[in-house]
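Fold and geometry: a report
Below are the chains, spelled out letter by letter.
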Amino acid sequence: MKKAKVDINDERYDKATFAGGCFWCMEAALEKVDGVEEVISGYTGGDAANPSYEEVSSGTTGHYEAVQVIYDPEKVSYEQILHVFWRQIDPTDSGGQFADRGSQYRSAIFYQDEEQREKAQKSKEEIGKSGVFDGTIVTEILPASEFYPAEEYHQDYYIKNPVRYNIYTQGSGRKGFLKKQWEGIEEDHVFPEGEGDDSSRYKDFDKEKRLEELTELQYKVTQKSGTERAFENEYWDNKEEGIYVDIVSGEPLFSSIDKYASGTGWPSFSKALEPGNIVEREDRGLFMKRIEVRSKYGDSHLGHVFPDGPEPSGLRYCMNSAALRFIPKDELEKEGYAEYKKLFE
């Protein structure tokens, strides 16, 4: 799930800085965006140099809990990242975010240059006109200042401590608020130019036709949340190099690089190839609480994710072969996935 660290000074990448309350939550959301290479939790906007979490959380240093986003502008635009940002916060709250109160938890956009400032201002005006929120949009737009990375235990908290993180997102009120606020609202309703984060070639396909082409088992698994037999499925022991895509939409999901022998009899992965194509939902079926994994564009049931995988993620994405299509590395270009060839070079 976590993307590899990159050189933040690499000229190929741009930076964006946001404050949206708890930086664990902002990091988790923004790291799933295709084209975002890394998200760092930290502190900015204050006076003291190298502040600690204890100092910032006291509300006396003037810093915001924030995230620095390192992204590839060839893959994702600043506008698209802004649109994801707005969907993670309550921009009408001037006293903090959800259960986290105080100036250190206020929302803000920190612009790196005049172009970012103009785009941030335009985006703020659009969210205000959209009618999604009843109150005044109070999220500040401020010049970027020194950004200090937070302590290591705060980085990738949602990966290192998935159970505690999920409890926090529920208990803080953030998860419930965002679901209620944005449910059923399309990107174009808010941002007229349609520059949202859903600009993917995988969202526009003939789903009805694809479903007709599925086998009985593939349909049962993807559309009825079924489960295939362990050790009697196509990919559980597949050791060939390549990527796994959604059997319905074709969106890339996992790579053989992250596949490992879990001993469960189903194909298992330590992380997603494209986290933005993965949707996680609470599943209380079978008299237990689990985290279901679905594809973003195909809305296919894929399997479940468990916190018992290998390091560094500690996660096990236990998938159904019937929900996947495997594309060998030598066929990636022919199948339209040439951008993934570099993974195996």
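Shown above is the structure to which this text applies.
Residues numbered from 1 in each chain as written. Predicted model: local features only at pLDDT ≥ 70, side-chain atom pairs only at ≥ 80, totals over all residues. Heavy atoms only, no water.

Here we look at the sheet that holds strand β2 (residues 36-44)
Using the following cut-off: What makes two strands pair is DSSP finding at least two bridges between them. In this text, helices come from DSSP runs of H or I with a minimum length of four residues, and strands from runs of E with a minimum of two, each type numbered from the N-terminal end. Lines fitted to C-alpha atoms define the axes here, with helix axes fitted over just the stretch in contact, and angles between the N-to-C directions of these axes take values from 0 to 180 degrees.
Taking strand neighbours across the sheet as the criterion, the six strands line up as β7-β6-β1-β3-β2-β8 in an open arrangement whose pairing is mixed. Only two strands of the sheet have a single partner each, and these edge strands are β7 (140-143) and β8 (147-149). With direction set aside, neighbouring strand axes in the sheet form an average angle of 35°. Pairing geometry for β2 and β8, over three bridges, is antiparallel. Opposite Thr44, over in β8, you have Phe147 as the bridge partner.

Some remarks on the pairing of β7
When a strand is regular, its side chains alternate between the sheet's two faces. Our working rule: Looking down the strands as they point away from the viewer, one classifies a crossover as right-handed if the path from the first strand across the helix to the second runs clockwise.
Pairing of strand β6 (residues 107-111) with β7, which is carried by four bridges, proceeds in the parallel orientation. Its bridge partner being in β7, Ile109 is matched across the sheet by Ile141. Taking the sense of rotation as the criterion, the β-α-β connection linking β6, helix α4 (residues 114-129) and β7 turns out right-handed.

Some points on the sheet that holds strand β10 (residues 252-255)
In spatial order, the strands read β10-β9-β17; together these three strands make up an open sheet with antiparallel pairing. Of all strands in the sheet, those with a lone pairing partner are β10 and β17 (324-328), marking the two edges. In this sheet, neighbouring strand axes are inclined to one another by 30° on average, regardless of whether the strands run parallel or antiparallel. Pairing analysis gives three bridges linking strand β9 (residues 242-246) to β10, with the strands arranged antiparallel. Its bridge partner being in β10, Val245 is matched across the sheet by Pro252.

Overview of the pattern of salt bridges
Any two side chains of opposite charge can pair if their charged atoms end up close together. Under the convention used in this document: Definition used for salt bridges: Asp or Glu carboxyl oxygen within 4 Å of a side-chain nitrogen of Lys or Arg. Burial status follows relative accessibility: with a 1.4 Å probe on protein chains alone, a residue under 20% of its type maximum counts as buried, one over 50% as exposed, and anything between as partly exposed.
Counting across every chain of the model gives 17 salt bridges. Lys75 is the partner of Glu37 in a salt bridge, and the nearest nitrogen-oxygen pair spans 4.0 Å. In this pair, Glu37 is assigned in strand β2 and Lys75 in the loop between β3 (64-71) and α3 (78-86), connecting sequence segments 38 residues apart. The class of Lys75 is partly exposed, set by a relative accessible area of 47%. Note that Arg210 is salt-bridged to Glu213, the shortest N-O span being 2.3 Å. In this pair, Arg210 and Glu213 are both assigned in helix α9 (residues 207-213), three residues apart and thus about one turn of the helix distant. Residues joined by salt bridges that share partners form a network here, namely Arg281, Glu292, Arg294 and Asp299.

Some details on the environment of Lys15
You can see Lys15 is positioned in strand β1 (residues 14-20). Residue class for Lys15 comes out partly exposed when judged on its relative accessible area of 28%.

Looking at helix α10 (residues 216-224)
Filter applied, for reference: Each C-beta atom gives one direction from the helix axis, and the arc is the one those directions make.
Buried within α10 we find Gln218, Val221 and Thr222. Taken end-on, α10 shows its buried residues confined to a sector of 85°, consistent with a single buried face. Exposed side chains of α10 directed beyond 90 degrees from the buried face belong to Glu216 and Lys224. Positive backbone phi, approximately 55°, marks Ser225, located one or two places after α10.

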